[in-house]
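# Fold and geometry: a report
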Amino acid sequence: MKQSRSQRIAWLLEALNMPYEVQNFDRDPVSKLAPQALRDIHPLGKSPLIKDGDTVIAESGAITEYLLTRYGNGKLRPAPDSNDYAGYLQWVHYAEGSAMGAFLIQFLGSSESSKPFCNAQFDLHINYIESSLKNKTWFLGDELSGADMMMSFPLQFALTLVPKGQFPNIERFVSQVENHADYRKACERIGELELGKSS
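The text that follows walks through the structure, step by step, so that each part is easy to find. What you see is a predicted model; the values in this text were computed from it and never measured.

Take the overall build of the chain next. The number of helices and strands found in the chain is eight helices and two strands. Start at the N end of the chain and walk to the C end: the helices and strands fall as α-α-β-β-α-α-α-α-α-α. Relative to the compact-globule value of 16 Å for 199 residues, the chain shows a C-alpha radius of gyration of 17 Å, a close match. For the chain, the spread of C-alpha atoms along the principal axes amounts to about 50 × 45 × 25 Å. Taking all 199 residues of the chain together, the buried fraction comes to 45%.

Here is the structure:
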């Protein structure tokens, strides 16, 4: 579905040079929720989903780990005994855990009483990410990994909430993602991510 996390899974499939078929679903025009056809595939009705034979998997992090474990042959993920493996695991799970949670509450707004907490959480996480990308090409250093793919959507989303130029390392990372050859191929297959941009 548009405005979903699907681009990064298609990007991963392109990077692994895996054949895949795309099935598009339009959100309900009123509720903006998934249509019944998507819920018929998986009861959560979430996008992305992948179907591999009889196996249906929801959740971007689980899909990323499944594809890299089953089909990655060592690509896009450091070995479990490497120094980078702990960092890889953190970023893969942080993307949809702490980071996306903090960005969503900022986007959705909050009551006056909870606004200081929400603002503090947003600032904490976006500044943590900004400093973590300093002097790095990707989150783990010079090599692209599944962690970067997982972090791509939260940071594309976060940049819609802040003035341009405020977080140059994150802006560089997102630009790098959106110009990556395999990401471009993914967007050609499933469409561009449609998120409003801050001025």
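Across soluble globular proteins, nonpolar side chains show a tendency to be buried alongside one another. Grouped together as the largest cluster of nonpolar side chains are 55 residues, with contacts concentrated most on L67, F103, I129, L155 and I170. Of all the elements in the fold, those that place two or more residues in this core are α1 (6-15), α3 (60-71), α4 (85-108), α5 (115-132), α6 (146-158), α7 (168-178) and α8 (181-190). Sort the elements by how many residues they give to this core and α4 lands first, with ten residues. Once you skip the residues sitting within four places of it in the chain, I129 turns out to touch W91, Y94, A99, F103, F139, M151, L155 and I170.

The pairing of strand β1 (residues 49-52) with strand β2 (residues 55-58) spans four bridges and is classified as antiparallel. The residue bridging I50 from the neighbouring strand is I57, located in β2.

Aromatic rings considered in pairs are described by the distance between their centres and by the relative angle of their planes. For the structure shown, the criterion picks out twelve aromatic pairs. Taking 5.6 Å as the distance between ring centres and 90° as the angle between the ring planes, the aromatic pair formed by W11 and Y183 counts as edge-to-face. With W11 in helix α1 and Y183 in helix α8, this residue pair connects regions lying 172 residues apart in the sequence. Y183 sits in the buried class, given a relative accessible area of 2%. For the pair F103 and F122, a centre-to-centre distance of 5.5 Å together with 65° between the ring planes defines the contact as edge-to-face. Taken as a pair, F103 in helix α4 and F122 in helix α5 lie far apart in primary sequence, 19 residues in all. Grouping aromatic residues by their ring pairs yields a cluster made of W91, Y94, Y128, W138, F139 and F173.

Another point: α3. For α3, built from twelve residues, the straight-helix expectation of 16 Å at 1.5 Å per residue is met to within 8% by its first-to-last C-alpha distance of 16 Å. If you check which residues of α3 are buried, you get S60, G61, I63, T64, E65, Y66, L67 and L68. Next to the buried residues of α3 lie α1, β1, β2, α4 and α6. Once α3 finishes, N73 follows within two positions and takes phi at roughly 50°, a positive value.

The next point concerns the packing of α4 against α6. Here α4 crosses α6 at 10°, and the two axes come no closer than 8 Å. Accordingly, the angle class assigned to the pair α4 and α6 is roughly parallel. In contact with Y88, W91, V92, Y94, A95, E96, M100, F103, L104 and F107 of α4, α6 contributes G146, A147, M150, M151, F153, P154, L155, F157 and A158. Here the residues of the contact of α4 with α6 sort into 17 nonpolar, one polar and one charged.

Rules behind the numbers
Residues numbered from 1 in each chain as written. Predicted model: local features only at pLDDT ≥ 70, side-chain atom pairs only at ≥ 80, totals over all residues. Heavy atoms only, no water. Helix = DSSP H or I, 4+ residues; strand = E, 2+ residues; numbered from the N terminus. Rg over C-alpha atoms; globule rule 2.2 N^0.38 Å. Buried < 20%, exposed > 50% of the residue type's maximum accessible area, 1.4 Å probe, protein only. Core = buried A, V, L, I, M, F, W, Y, C linked by side-chain atoms within 4.5 Å. Contact = heavy atoms within 4.5 Å. Pairing = 2+ DSSP bridges. Phe/Tyr/Trp six-rings, centres within 6.5 Å; stacked < 30°, edge-to-face > 60°. Expected span 1.5 Å × (residues − 1). Axes fitted to C-alpha atoms, helices over the stretch in contact; angles between N-to-C directions. Parallel < 35°, antiparallel > 145°, perpendicular 65-115°, else oblique. Nonpolar A, V, L, I, M, F, W, Y, C, P; charged D, E, K, R; others polar.

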